[in-house]
Amino acid sequence: MRRIVAFVVVSVVLGGLVPGFLAGLFAFRVKSRWCPRCGESTHAAPPVQGDR
C-alpha cells in the first residue's frame, strides 16, 4: 500500500514539474539574442575599461 502512495506522490510531483520546466524552456527567448544570418550576438558588448 505504501508503494502505491509513494508512486502516486512521485507521479503528481513529476507531473507538475515537467510541464513547468518545458514552459520555461520554450519561453526562453534565444532568437532575439542571436543574428539568424551570421550567428553573432545582437547585443553590443560593454566597453572594456582598464584598471582603476
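Located above this text is the structure these notes cover.
Throughout, a residue's number is its position along its own chain's written sequence, starting from 1. Totals for whole chains, interfaces and linings use every residue, but because this is a predicted model, local features are given only for residues with pLDDT of at least 70 and side-chain atom pairs only at 80 or more, for both listing and counting. No hydrogens and no water enter the side-chain calculation; it runs on all heavy atoms of the structure.

(A) Examining the overall build of the protein chain more closely. The helix and strand labels rest on DSSP assignments: H or I over at least four residues marks a helix, E over at least two residues marks a strand, and numbering proceeds from the N terminus. If you tally the helices and strands in the protein chain, you get one helix and zero strands. The rule is simple: take the accessible area with a 1.4 Å probe, protein chains only, and divide by the maximum for that residue type; under 20% is buried, over 50% is exposed, in between is partly exposed. For the protein chain, the residues scored as buried account for 2% of the 52 residues in total. If you sum the accessible surface of the protein chain, you get close to 5400 Å²; carbon and sulfur atoms cover 68% of it. All accessible areas in this document rest on Shrake-Rupley with a 1.4 Å probe, and a residue is counted as covered only by the protein chains that are shown.

(B) Focus on the environment of histidine 43. Among the structural elements, histidine 43 can be located in the segment after α1 (2-27). Judged by its relative accessible area of 54%, histidine 43 falls in the exposed class. When the C-alpha positions of histidine 43 and arginine 33 are compared, they lie 6.7 Å apart, and in sequence the two are 10 residues distant.

(C) How the structure looks around a nonpolar patch on the surface. Together, Met1, Val5, Val9, Val10, Val13, Leu14, Leu17, Val18, Phe21, Leu22, Leu25 and Phe26 line one region of the surface with nonpolar side chains, adding up to about 1200 Å² of accessible area. With respect to the secondary-structure elements, valine 18 resides in helix α1. Patches in this entry comprise residues that are over 30% relatively accessible and not in a salt bridge; like charges within 9 Å are linked, as are nonpolar side chains (Val, Leu, Ile, Met, Phe, Trp, Tyr) within 5 Å. One side-chain nitrogen of Lys or Arg within 4 Å of one carboxyl oxygen of Asp or Glu is enough to make a salt bridge.

What is shown is where atoms sit, not what they do.
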